[in-house]
Amino acid sequence: MMEKMTYIVYLPKLTFMSHLTREQRYTICTMLQNGYPQCEIARVINKDKSVVSREIRRNADARSGQYRDDLAHRKYLKRQAYKAKPCPSGYVCQPGYVDKMSKEWHWLAGCVIPP
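Being a predicted model, the structure only gives us computed values, none of them experimental.

The rules behind the values
- All chains use their own residue numbering, which begins from 1 and follows the written sequence.
- Local features in this predicted model are restricted to residues of pLDDT 70 or higher, and side-chain atom pairs are both shown and tallied only at a pLDDT of 80 or more, whereas totals for entire chains, interfaces and linings draw on every residue.
- Think of the side-chain values as coming from all heavy atoms in the structure, minus any hydrogens and water.
- Aromatic pairs are defined between Phe, Tyr and Trp rings, using the six-membered ring for Trp, whenever the two ring centres lie within 6.5 Å; interplanar angles under 30 degrees are classed as stacked, those over 60 as edge-to-face, and all others as tilted.
- Working rule: Lys NZ or Arg CZ, within 6 Å of ring centre, within 35 degrees of ring normal, means a charge sits over the ring.
- In this analysis an axis means a line fitted to C-alpha atoms, helices contributing only their contacting stretch, and an angle means the value between N-to-C directions, from 0 to 180 degrees.
- Put simply, DSSP H or I for four residues or longer makes a helix, DSSP E for two residues or longer makes a strand, and each gets a number counted from the N terminus.
- An angle below 35 degrees is treated as roughly parallel, one above 145 as roughly antiparallel, one from 65 to 115 as roughly perpendicular, and anything else as oblique.
- If you view the pair so one helix is near and one far, a crossing is left-handed when the near helix is turned anticlockwise from the far one by less than a right angle, and right-handed when it is turned clockwise.
- Throughout, a contact is declared for two residues whenever any of their heavy atoms are within 4.5 Å.
- When residues are sorted by character, Ala, Val, Leu, Ile, Met, Phe, Trp, Tyr, Cys and Pro go into the nonpolar class, Asp, Glu, Lys and Arg into the charged class, and all the rest, Gly among them, into the polar class.

**Student:** What is the right way to look at the packing of aromatic side chains in this model?
**Tutor:** Two numbers describe a pair of aromatic rings. These are the distance of the centres and the angle of the planes. Taken as a whole, this structure holds zero aromatic pairs when the rule is applied. Of note, Arg-25 hangs over the ring of Tyr-76, and the distance from its end group to the ring centre comes to 4.6 Å.

**Student:** Quick question: what am I supposed to make of the packing of helix H2 (residues 38–45) against helix H3 (residues 49–59) here?
**Tutor:** For any two helices packed against each other, one specifies the crossing angle of their axes together with the interaxial distance. At a minimum axis separation of 8 Å, H2 and H3 run at an interaxial angle of 110°. It follows that H2 is roughly perpendicular to H3 by the angle criterion. Note that H2 runs across H3; the crossing there is right-handed. Residue-level inspection shows Gln-38, Cys-39, Ile-41, Ala-42 and Ile-45 of H2 in contact with H3, the latter providing Lys-49, Val-52, Ser-53 and Ile-56. Here the contact of H2 with H3 is composed, by residue class, of six nonpolar, two polar and one charged.

Any functional reading would require information beyond the geometric quantities listed.
The following block contains the structure:
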């Protein structure tokens, strides 16, 4: 007579909607250079394969087409700088402008009065 067996399978929870870290970008770059497929890279960094695909497509070098982690991180930081930042003073933050009168309120790029 066969006994009933129970198998416990561990499936890690994939995080879909969070930003990639610099270490994850380095892992993507290294694994791509070693010939790993995107689905395996996604499993290692605990992200969905669409996140890896989008990261490679968005941040690859325009001239050579190769993915480099340092270039990808610089592109990410540049995109983040263009986004309007919320500020406790109620103004809209603009990159590159620092309001010296109320510097303690401006934690990133400073604020200007919206037009």
